[in-house]
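Overview (structure and organization)
The lines below spell out each chain.
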Amino acid sequence: MRYSLRQLEVFLATARYENVTRAAETLAMSQSAASGSLKELERQFDMKLFDRLGKRLQLSELGQQLRPQVESLLEQARSLEQALTGEDVVGRLEIGATLTIGNYIAVNMIADFRQQNARSDIILRVANTETIAKQVAGFELDMGLIEGELQHPDLDIVHWRRDELVVFAAPNHPLSTSTALSDQDLLTLPWIVREPGSGTRQAFDRAMQGILTDLHIGMELQHTEGIKRAVEAGLGVGCLSQICVAEAFKRGSLVPLKVPGRDFRREWYLITHRDKFHSAALKRWLTLCLERWSV
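Because the structure is predicted, anything quoted here is derived from the model rather than measured.

1. Quick word on the overall build of the chain
Summing up its helical and strand segments, the chain has twelve helices and eleven strands in all. Of all 295 residues assigned to the chain, the portion counted as buried reaches 47%. Taking the contacts inside the chain whose residues are at least 6 apart along the sequence as the reference set, 76% of them involve residues at least 24 apart. Carbon and sulfur atoms provide 48% of the accessible area of the chain, an area that totals close to 15000 Å². Of note, the chain has its 35 positive side-chain charges centred 3 Å away from the centre of its 38 negative side-chain charges.

Structure (structure tokens):
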């Protein structure tokens, strides 16, 4: 073969970081060795894998076309090496999760996985739905656990489990003892909600169809804990997954508000790249998600 697996590793690392120096650091190589490897790969096939924009390297059109194949080839090479050595499931998975899942569920899932696959490492990255989808599509993550609805031509999107949002307030809020809130009640409230691009905000906006543009959005925060603290302080009412506020309801620091005229149900999804090779570790993780953590 006219290329080496090491050259392909340099190509993928450079594609991820858009910088040869950072790529070299992740591969424990010198910058000159990584740069030479990349140039030699381009020279051997008389092609241009990157467009150079100042200090940043951006994949060329050809590089973008080749990246999924290179990702798959290297994953298969690692899987073959594992099979040849007779080892149990090993390797490293980079999992992305949206904030509700990442902060309240994913850690227990990882602990469950590690009990069965002690030689596998999982790196968890938490962000909103939009960011996780972008990173899975760019091969920066092996898979994602998301709360928001999504359509993407490069992603496989599988239904995972159901969830429901709940409206809540401080226990001393004037409406905390109401049996049910009407649309007119909702319009009088200052709302503290997640930022656009998050799955929770998407579900909230959908639930408030018809009155959304007339709602008073007082604050938009990226973190669920910040929303809960602000509501506890009496700055407004919030709307988050019931998973996020279950403990606060038990303590009595927050109380649920009934909104019978609105549908706060939503679905969660597992996402992977269509061209992603499923290593043994990734297959085990997806099986765990669907068989033991699906509701």
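What follows picks up the thread again.
2. Overview of the packing of aromatic side chains
The tally for this structure, following the rule as stated, stands at four aromatic pairs. Taking the centre distance of 5.6 Å and the plane angle of 75° together, the rings of F113 and W285 count as edge-to-face. With F113 in helix α6 (residues 106-116) and W285 in helix α12 (residues 280-292), the pair connects residues that are 172 residues apart, well separated along the chain. Taken as a pair, F113 and W285 share a single burial class, namely buried. For the cation-ring pair, R161 lies above W160, with the distance from its terminal atom to the ring centre recorded as 5.6 Å.

3. Looking at the pairing of strand β11 (residues 265-273)
Side-chain direction in a regular strand flips from residue to residue, so the side chains alternate between the two faces of the sheet. Within β11, seven of the nine residues are buried, which leaves the element mostly enclosed by the surrounding structure. In terms of strand pairing, strand β5 (residues 143-146) meets β11 through three bridges, oriented antiparallel. Across the sheet, residue L145 finds its bridge partner in β11, namely L270.

4. A few points about the packing of helix α1 (residues 5-17) against helix α3 (residues 31-45)
The geometry of α1 relative to α3 is characterised by a closest axis approach of 9 Å and an angle of 105° between their N-to-C directions. Comparing the axis directions of α1 and α3 gives the class roughly perpendicular. Side by side, α1 and α3 meet where R6, Q7, L8, V10, F11 and T14 of the first sit next to A34, S37, L38, E40, L41 and Q44 of the second. When grouped by side-chain class, the residues that make up the contact of α1 with α3 number six nonpolar, four polar and two charged.

5. Observations regarding the side chain of S241
Within the secondary structure, S241 is located in strand β9 (residues 237-241). With relative accessibility at 0%, the residue S241 sits in the buried group. Those residues within four positions of S241 in sequence are excluded, and the remaining contacts are T100, D163, E164, L165, V166, R266 and W268.

6. A look at the pairing of strand β2 (residues 56-59)
Taking every second residue as pointing to the same face, the buried face of β2 carries L57 and L59, while none of R56 and Q58 on the other face is buried. As judged from the four bridges shared by strand β1 (residues 50-53) and β2, these two strands associate in the antiparallel manner. What sits directly across from R52, in β2, is L57.

7. Quick word on the environment of E25
Tracing the backbone through its elements, the reader meets E25 in helix α2 (residues 20-26). We classify E25 as exposed; its relative accessible area is 58%. Sequence spacing of E25 and E81 is 56 residues, and the spatial spacing of their C-alpha atoms is 23 Å.

8. Details of the pattern of salt bridges
All chains considered together, the criterion is met by 27 salt bridges. The closest approach of N and O atoms between D51 and K48, which form a salt bridge, is 3.5 Å. Accessibility expressed as a relative area gives 30% for D51, which makes it partly exposed. The closest approach of N and O atoms between R274 and D156, which form a salt bridge, is 2.7 Å. Taken together, the positions of R274 in the loop between β11 and α12 and D156 in strand β6 (residues 155-169) put the pair 118 residues apart, joining distant regions of the chain.

9. Focus: helix α10 (residues 224-232)
Among the residues making up α10, those that are buried are T224, I227, K228, A230 and V231. Each buried residue of α10 lies within a common arc of 165° when the element is viewed along its axis, so the set occupies one face. Downstream of α10 by one or two residues, G234 has phi in the positive range, about 85°.

Conventions and cut-offs
- Residues numbered from 1 in each chain as written.
- Predicted model: local features only at pLDDT ≥ 70, side-chain atom pairs only at ≥ 80, totals over all residues.
- Heavy atoms only, no water.
- Helix = DSSP H or I, 4+ residues; strand = E, 2+ residues; numbered from the N terminus.
- Buried < 20%, exposed > 50% of the residue type's maximum accessible area, 1.4 Å probe, protein only.
- Contact = heavy atoms within 4.5 Å.
- Areas by Shrake-Rupley, 256 points an atom, 1.4 Å probe, with all protein chains shown as cover.
- Lys, Arg positive; Asp, Glu negative; His and termini not counted.
- Charge placed at Lys NZ, Arg CZ, Asp CG, Glu CD.
- Phe/Tyr/Trp six-rings, centres within 6.5 Å; stacked < 30°, edge-to-face > 60°.
- Lys NZ or Arg CZ within 6 Å of the ring centre and 35° of its normal.
- Pairing = 2+ DSSP bridges.
- Axes fitted to C-alpha atoms, helices over the stretch in contact; angles between N-to-C directions.
- Parallel < 35°, antiparallel > 145°, perpendicular 65-115°, else oblique.
- Nonpolar A, V, L, I, M, F, W, Y, C, P; charged D, E, K, R; others polar.
- Salt bridge = Lys/Arg side-chain N within 4 Å of Asp/Glu carboxyl O.
- Arc of directions from axis to C-beta.

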